[in-house]
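Below are the chains, spelled out letter by letter.
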Amino acid sequence: MTTTTTTDPGATDPGGSAHGATDPGGSAHGATDPTGETMERTTAQARGTARPTSPHAPDAERLRRWRMVLGADSADSTGRTLTGQDAAMDGALDALYGGGAGKKPGGGRGAGGRSAGLGASAPSVARWLGDIRTYFPSSVVQVMQRDAIDRLGLAALLLEPEMLEAVDADVHLVGTLLSLNKAMPETTKETARAVVRKVVEDLEKRLESRTRAALAGALDRSARISRPRHRDIDWNRTIRANLKNYLPVPGPALPAGAGDPGGAGGLEGRGTIVPERLIGYGRASRSAKKDVVLCIDQSGSMAASVVYASVFGAVLASMRTLSTRLVVFDTAVVDLTDQLDDPVDVLFGTQLGGGTDINRALAYCQSRITRPADTVVVLISDLYEGGIRDEMLKRVAAMKASGVQFVTLLALSDEGAPAYDHEHAAALGALGAPAFACTPDLFPDVMAAAIEKRPLPIPDKETQQ
């Protein structure tokens, strides 16, 4: 995701770097420039509050924009005083990115004597959440909420039902709630499930129809046969495939003017197609045409991928022509296939965090494969293996040799370039199982290609090894 700068085209960055820098994760979190925390504030400000301006904007407007970008601590030289809504927005930004940003609740900046931040008070956080929803669009609110949890140590406040009802839910918040699942009091769990269900239902609405359409077509094409019975012939496809074999057949002579636009008489045009190749489908079967195994790393860094994979797993499980198995792992392996009818149950059955033993997980998946030639295994992991590396690679090689279609996804999210073990990714690529990050919108196409045994649509293929 690319963020636009809040400065007008004529303004320059005194620190020597453009304030329009982008963050691969689509968030202001982690971006820095010579002004310290200013970049994070700049990105949030750019997304939510920039006003249209021209290269010839008045000096007052230019100073206002710099004042909003820099914050009170760094903006004394602008001589600009904010009022009204500008002051309120500045206060909301300053609570997160100002003097106390990056400190634990209650901590100040120290040297300047200025203390900013949200503190540890739930009422003050609730008021701040209301303010940012007032002044910023939903996408910016979610970024600022995420930064508040990471920077100010507010995760514990999410254990309070009142706080959960106040936040804007997204995939990242769901990941945080899942990581806190074991610490949640019973009074909070029902509220947390309601929050997670809302996000899951929104994702299903966005992803289900396209996934079904892509995979249904792939399953039909994968079932195509070259010698169909007469009643199973697809005549439209067969005719199109054999048009090159059209043979004209002379017909009876016609009287002049009858059926002949030229009025000169002649032969009526007739012909036939010789079907050298018949195209059709086998009889519909009640049994599944393909088996899909989703093997998901549930380490803390894979939180967003777990959420998306659970939703896709539920969608795939609802298709009768697919037999879907969902396996999650850290150093232990848990089969959640029997919960696939409700992705919320799947998510609360995971336990984010802990170590990683990919080899053990693949050993379990391999033991459940009964039709290798009709099986697709999708490993979703950052490949930081804590188990036996060589054994992991041998298992992948053995599955591929038996006919299994093996797909490795470094991430299943919109987060951009993931962190992953490059050595393991290169080793899998050498085995014919290239590892790459996949967005949720691309996942149906990846699955369709795997089902049809076509080359995978790898984004930025030249950089994926």
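Let us look at the structure shown here.

Time to look at the overall build of the protein chain. Each helix and strand counted, the protein chain has 15 helices and twelve strands in total. With the model as given, the accessible surface of the protein chain reaches about 21,800 Å², and the carbon-plus-sulfur share is 51%.

When you line up the elements, Arg212 lands in helix α8 (residues 186-222). A sequence separation of 232 residues divides Arg212 from Pro444, and the C-alpha atoms of the two residues are 8.1 Å apart. Those residues in contact with Arg212 that sit more than four places away from it in its chain are Val315, Ser318 and Met319. Within the structure, Arg212 has its side chain in polar contact with the side chain of Ser318 (distance 2.6 Å).

The subject of this paragraph is the pattern of salt bridges. Scanning the model with the defined rule gives 16 salt bridges in all. As a salt-bridge pair, Arg193 and Asp345 come within 2.6 Å of each other at their nearest N and O atoms. Of this pair, Arg193 sits in helix α8 while Asp345 sits in helix α11 (residues 343-348), placing them 152 residues apart in sequence. Arg193 gets classed as partly exposed once you look at its relative accessible area, which sits at 24%. Overall, the relative accessible area of 29% leaves Asp345 in the partly exposed class. The partner of Glu452 in a salt bridge is Arg454, with the nearest N and O atoms 3.4 Å apart. Taking relative accessible area as the criterion, Arg454 reaches 38% and is therefore assigned partly exposed.

Let's shift gears to unusual backbone geometry. Residues other than glycine predominantly adopt negative phi, and peptide bonds predominantly adopt the trans conformation. The phi dihedral of Leu383 falls on the positive side, at around 70°, and the residue is not glycine. By secondary structure assignment, the location of Leu383 is in the loop between β10 (375-380) and α13 (389-401). The buried category is assigned to Leu383, whose relative accessible area is 0%. The phi angle at Lys453 is positive, at roughly 60°, despite the residue not being glycine. Along the chain, Lys453 turns up in the segment after α15 (443-452).

Moving on, we get to the side chain of Ser413. With respect to the helices and strands, the residue Ser413 is situated in the loop between β11 (405-412) and α14 (422-430). Setting aside residues no more than four positions away along its own chain, Ser413 makes contact with Ala304, Tyr308, Cys438, Thr439 and Pro440.

A few words on the packing of helix α12 (residues 358-367) against α13. Axis separation between α12 and α13 bottoms out at 8 Å; the angle between their running directions is 25°. When the axis of α12 is compared with that of α13, the two are roughly parallel. Crossing hand, α12 versus α13: left-handed. Between α12, through Ile358, Asn359, Leu362, Ala363 and Gln366, and α13, the contact on the second element is made entirely by Glu391, Met392, Arg395, Val396, Ala398 and Met399.

So, how was this worked out
Residues numbered from 1 in each chain as written. Predicted model: local features only at pLDDT ≥ 70, side-chain atom pairs only at ≥ 80, totals over all residues. Heavy atoms only, no water. Helix = DSSP H or I, 4+ residues; strand = E, 2+ residues; numbered from the N terminus. Areas by Shrake-Rupley, 256 points an atom, 1.4 Å probe, with all protein chains shown as cover. Contact = heavy atoms within 4.5 Å. Polar contact = N/O pair within 3.5 Å; in protein donor to acceptor, adjacent residues only side chain to side chain. Salt bridge = Lys/Arg side-chain N within 4 Å of Asp/Glu carboxyl O. Buried < 20%, exposed > 50% of the residue type's maximum accessible area, 1.4 Å probe, protein only. Axes fitted to C-alpha atoms, helices over the stretch in contact; angles between N-to-C directions. Parallel < 35°, antiparallel > 145°, perpendicular 65-115°, else oblique. Left-handed = near helix turned anticlockwise from the far one by under 90°.

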